[in-house]
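# Remarks on the overall topology
Read off the chains here:
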Amino acid sequence: MNSIGVFCSASSNIDAIYIDFASAFGQWLGENKKTLVYGGVARGLMEGIAKSANLAGAKVIGVVPKKLQEHASKYLNEKLITENLSDRKDTILNRSDVLIALPGGVGTLDEVFHVIAGKYIGLHNKKVIFYNINGYYSNLLTCLAEYKREGFVGSNLSDLYEIANTENELKMLLK
């Protein structure tokens with residue numbers, strides 16, 4: 001797995017612990033000569049992971065919707081401009097070997113559910129990982145388990161994704 005797709009927050013109004021984890025992961029990507037494929041915006045976790053990945057030697061590919069191109073990060077080795085957010089999700093999916101959801105908001109949830117839904121109907125078989133930093137996704141993961149119990153999901157939804165609660169767990173899932 002050399003090309004790592006990452007979905008994460010563009011908000012800068014978040015606790016520093018999330019930026020620290022994203023930056024550490026970006027550094028690991030660079031040290032391990034991985035390619036980061038992500039949303040390409042110069043804010044929040046997006047900028048934290050891109051900067052640390054780039055400075056540590058990773059190739060950084062930003063996939064930026066046309067409407068946001070003036071907000072693109074300066075740490076990109078390659079900038080791909082898409083027409084809209086839907087094209088961005090598909091481009092990140094197609095350019096990545098594995099997909100990871102770091103903490104984020106509505107956009108991050110849209111992106112990770114897009115790839116989980118695609119996997120659910122057989123459009124791809126790529127690994128999808130929730131990086132559950134500081135328990136960020138715990139409530140959501142409980143909610144997804146409830147969907148299964150209530151019969152709204154026909155198969156075991158948790159078979160479609162994996163969970164990493166620590167940096168070491170994430171690294172193990174990427175081997």
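What this report covers is the structure whose coordinates are included nearby. Since we're looking at a predicted model, the values are computed, not measured. (Residues numbered from 1 in each chain as written. Predicted model: local features only at pLDDT ≥ 70, side-chain atom pairs only at ≥ 80, totals over all residues. Heavy atoms only, no water.)

Helices and strands together make up the secondary structure of the protein, namely six helices and seven strands. Starting at the N terminus and ending at the C terminus, the protein contains elements arranged as β-α-β-α-β-β-α-β-α-β-α-β-α. The C-alpha atoms of the protein give a radius of gyration of 15 Å, which matches the 16 Å a tight globule of 175 residues would have. Oriented by its inertia axes, the alpha-carbon framework of the protein measures out at about 45 × 35 × 30 Å. Counting across all 175 residues of the protein, residues that qualify as buried make up 46%. Carbon and sulfur atoms make up 50% of the accessible area of the protein, which totals about 8400 Å². With 19 positive and 18 negative side-chain charges, the protein shows a spacing of 5 Å between the two charge centroids. (Helix = DSSP H or I, 4+ residues; strand = E, 2+ residues; numbered from the N terminus. Rg over C-alpha atoms; globule rule 2.2 N^0.38 Å. Buried < 20%, exposed > 50% of the residue type's maximum accessible area, 1.4 Å probe, protein only. Areas by Shrake-Rupley, 256 points an atom, 1.4 Å probe, with all protein chains shown as cover. Lys, Arg positive; Asp, Glu negative; His and termini not counted. Charge placed at Lys NZ, Arg CZ, Asp CG, Glu CD.)

Our focus in this paragraph is helix α3 (residues 85–95). If you check which residues of α3 are buried, you get Arg-88, Lys-89, Ile-92 and Leu-93. Burial along α3 is one-sided: seen end-on, the buried residues are contained in an arc of 130°. Measuring from the backbone nitrogen of Ser-86 back to the side-chain oxygen at the start of α3 gives 3.0 Å, which picks out Asn-84 as the cap. (Arc of directions from axis to C-beta. Polar contact = N/O pair within 3.5 Å; in protein donor to acceptor, adjacent residues only side chain to side chain.)

Another point: the pairing of strand β3 (residues 59–65). Counting buried residues in β3 gives six out of seven residues, a clear majority hidden from the surface. Inspection of the sheet shows strand β2 (residues 35–38) paired to β3 by four bridges, in the parallel sense. Residue pairing for β3: Thr-35 is matched across the bridge by Lys-59. In the classification by handedness, the crossover that spans β2, the intervening helix α2 (residues 44–55) and the parallel β3 is right-handed. When β3 meets strand β4 (residues 78–82), the two strands line up parallel, connected through five bridges. Bridged to Gly-62 within β4 is Lys-79. (Pairing = 2+ DSSP bridges. Right-handed = clockwise from strand over helix to strand, strands pointing away.)

Turning to the pattern of salt bridges, a few remarks are in order. The tally for this structure, following the rule as stated, stands at eight salt bridges. Glu-162 serves as the salt-bridge partner of Lys-127, at 3.8 Å between the closest nitrogen and oxygen. Taken together, the positions of Lys-127 in strand β6 (residues 127–131) and Glu-162 in strand β7 (residues 162–164) put the pair 35 residues apart, joining distant regions of the chain. Classification of Glu-162 by relative accessible area gives partly exposed; the value is 30%. The shortest N-O distance in the salt bridge between Lys-171 and Glu-167 comes to 3.4 Å. In this pair, Lys-171 and Glu-167 both sit in helix α6 (residues 167–173), four residues apart, roughly one turn of the helix. (Salt bridge = Lys/Arg side-chain N within 4 Å of Asp/Glu carboxyl O.)

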